[in-house]
Amino acid sequence: METVCKNVDSNVNSQTNYTQAVDILNAGEVVAFPTETVYGLGAVATNDTAVKKIFEAKGRPSDNPLIVHIGTKEEVELYIEHISEVAKKCIDLFWPGPLTLVMPVKPNVLANSVTAGLATVGIRMPDHPVALALLRQLKKPLAAPSANRSGKPSPTEAIHVQDDLGGYIPYILDGGSTGIGLESTVLDVTHEPPVILRPGGITREMLEAKIGPVIQPTKIEQKLEATPKAPGMKYTHYAPNAPVLLIECDLEKVHEAVHQLQKQGHKVALLAPASFEDIEADFYFSIGEVGSKEEMGATLYHALRACDKTAATIILATTTSTEGVGAAIMNRLEKAAGGKWYTP
Ligand code: TXA
Ligand code: MG
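Residues numbered from 1 in each chain as written. Chains lettered and ligands numbered in written order. Predicted model: local features only at pLDDT ≥ 70, side-chain atom pairs only at ≥ 80, totals over all residues. Heavy atoms only, no water.

Asks: How would you sum up helix α1 (residues 14–26)? Please name residues and give values.
Replies: Think of an α-helix as 3.6 residues a turn; residues three or four steps apart then line up on the same face. In this model, α1 (13 residues) spans 18 Å end to end at C-alpha, consistent with the 18 Å of a helix rising 1.5 Å per residue. Of the positions making up α1, those classed as buried are S14, N17, Y18, A21, V22, I24 and L25. Angularly, the buried residues of α1 cover 160° about the axis, an arc narrow enough to put them on a single face. Looking at the buried residues of α1, the elements they touch are β1 (4–7), β2 (31–34), β3 (39–44), α6 (129–138), β7 (142–143) and β8 (171–174). One or two steps after α1, the chain reaches G28, where phi turns positive at roughly 85°. (Helix = DSSP H or I, 4+ residues; strand = E, 2+ residues; numbered from the N terminus. Expected span 1.5 Å × (residues − 1). Buried < 20%, exposed > 50% of the residue type's maximum accessible area, 1.4 Å probe, protein only. Arc of directions from axis to C-beta. Contact = heavy atoms within 4.5 Å.)

Dropping the structure here:
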């Protein structure tokens, strides 16, 4: 299959591209599009045959449900059985935005493969002009996971989608780099208090300031049987080809670690803040200014993917605290590293 990639950012003929995307979706095919978090791979959420093509293209396990994207807040009532007061507040305050709400699904409206047999569905209204324009012209909900091959870091640029899914999907809407760079927060509002199933751009602190206590399970709690889970969080994720080791963001320690790993014969790719540039790693990718979690979130997946284009045999990635969006960053980094830290 040929994959067509159309720039809609600065293109005067954007309307033609939206029309093509809508026609392809209505014909039961998939289209990749940008959101404010990462690129999504969309199919009409009421068309089961179309939604199954997402799983095929990504190589995604079929027991992992998809997020449904809508273009207006009002539409949520079409798909949700009961919208709780907390859910209403979240919709009011955080949509459009990087917050997916898990709520009880209305039976027989969405395609079965969207929910993977669960009684709930994750739904969000993205805050990106291209995603919203597409949804509003389509006038249908889009089921869309991140547009990467299963297991790879999520795409933050159209070229990442092309690298992973070129030849498997017919169309990509290229809207440039996504802003946040990490997937949405998944909040289960069927629980009281609500549970963060996946940390993201809307942080625990931001939620608690508006809706009161929320539960963000620790790594240990996540493993416990009784803790609510996002099915997707059990799979390997965000992993580049070479093994990743985490390390504290300390110039001296990182310098020494690079040196030691090279002495062991490794080609080291270093993911670190701009001020670590002078360390003589074999490959270096900046993750922004020291302490800027926003920059780190926005550049992390790009940097992890860039390592795959090098001959690195090991990737050393500096960490951050779990405050604010740091919780989401560390969640993804821990998964990319399989929980492994550098030890001298
Ligand atoms: O930012 C995002 O959320 C991006 C963009 C494209 O919107 N999408 C995304 O989708 O990250 P995906 O499929 O890669 O991740 C969805 C996560 C998975 O971990 C999945 O298990 C969980 O949300 N999820 C979806 N529906 C759920 C449900 N009903 N109950 C619990 N977890 C659910
Ligand atoms: Mg994903």
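Moving on from the coordinates now.
Asks: So what's going on with the sheet that holds strand β12 (residues 268–272)? Which residues, and what values?
Replies: Overall, parallel pairing links the 4 strands, which are arranged β11-β14-β12-β13 in an open sheet. One side of each edge strand has no neighbouring strand; the edge strands of this open sheet are β11 (244–247) and β13 (283–286). Averaged over all pairs of adjacent strands, the angle between their axes in this sheet comes to 20°, without regard to strand direction. Of the pairings in the sheet, the one linking β12 to strand β14 (residues 314–318) comprises 4 bridges and is parallel in character. Note on β14: the bridge partner recorded for L270 is L316. On the sheet, helix α10 (residues 251–263) packs against β11, β12 and β14 and is oriented at approximately 175° with respect to β14. (Pairing = 2+ DSSP bridges. Axes fitted to C-alpha atoms, helices over the stretch in contact; angles between N-to-C directions.)

Asks: Tell me about the sheet that holds β1, and name the residues and values.
Replies: The 10 strands are arranged β1-β8-β2-β3-β7-β4-β6-β5-β9-β10 in an open sheet whose pairing can be described as mixed. The open sheet is flanked by β1 and β10 (195–198), the only strands paired with a single partner. Both β3 and β7 contribute to a ladder of 2 bridges, which runs antiparallel. Looking at the pairing, V44 lines up with L142 of β7. Sheet contacts for helix α4 (residues 85–94): β5 (99–104) and β9 (185–188); angle to β5, the most-contacted strand, approximately 155°.

Asks: Account for the pattern of salt bridges, naming residues and giving values.
Replies: Within this structure, the stated rule accounts for 10 salt bridges. The residue R124 makes a salt bridge to E36 at a minimum N-O spacing of 2.9 Å. Here the residue R124 occupies a position in strand β6 (residues 120–124), and E36 occupies one in the loop between β2 and β3, the gap between them amounting to 88 residues. One exposure class covers both R124 and E36, and it is buried. Between D48 and K52 there is a salt bridge whose closest N-O contact spans 2.6 Å. Of this pair, D48 and K52 both sit in helix α2 (residues 48–58), separated by 4 residues, roughly a single helical turn. Looking at D48, the relative accessible area reads 24%, which means it is partly exposed. (Salt bridge = Lys/Arg side-chain N within 4 Å of Asp/Glu carboxyl O.)

Asks: Outline the site of ligand 1, supporting the account with residue identities and numerical values.
Replies: Taken together, 27 residues surround ligand 1, and among them T37, N64, H69, S184 and G232 come closest. Within the side chain of H69, one N or O atom sits 2.6 Å away from an oxygen atom of ligand 1. At 3.3 Å, a backbone N or O of P231 approaches an oxygen atom of ligand 1. When isolated, ligand 1 has an accessible area of 680 Å², and the protein chains bury 97% of it. Elements with a minimum of two residues in the shell around ligand 1: β4 (67–69), β6 and β10. By residue number, the principal contributor to the shell around ligand 1 is β6, which donates 4 residues. (Near = heavy atom within 4 Å. Polar contact = N/O pair within 3.5 Å; in protein donor to acceptor, adjacent residues only side chain to side chain. Areas by Shrake-Rupley, 256 points an atom, 1.4 Å probe, with all protein chains shown as cover.)

Asks: I'd love a proper account of unusual backbone geometry, names of residues and values included.
Replies: A cis geometry characterises the amide bond from W95 onward to P96, with omega recorded as -10°. Look at the link from E192 to P193: it is a cis peptide, with omega at -5°. A positive phi angle is found at N108, which is not glycine, with a value near 60°. By the secondary structure assignment, N108 is in the loop between β5 and α5 (112–115).

Asks: Quick rundown of the UniProt feature "domain: YrdC-like" (unreviewed entry) in the chain? Include the residues and the values.
Replies: In this numbering, the UniProt entry assigns the feature "domain: YrdC-like" (unreviewed entry) to residues 15–202. Across residues 15–202 one finds 31% helix and 20% strand; the C-alpha atoms that close the span lie 31 Å apart. (UniProt positions renumbered as here; feature names shortened; annotations may be inferred.)

Asks: Kindly report on the side chain of E334, identifying the contributing residues and their values.
Replies: Mapped onto the elements of the fold, E334 is located in helix α12 (residues 326–336). Here E334 is in contact with K219, L246, G339 and W341, once residues within four sequence places are set aside.

Asks: Which residues make up the environment of Y18, and what are the values?
Replies: Relative to the helices and strands, Y18 resides in helix α1. By relative accessible area, Y18 is classed as buried at 8%. The sequence separation of Y18 and L182 amounts to 164 residues, and the corresponding C-alpha distance is 25 Å. Residues contacting Y18, with those up to four places away along its chain left out, are V8, P129, V130, A133, L134, Q137 and L173.

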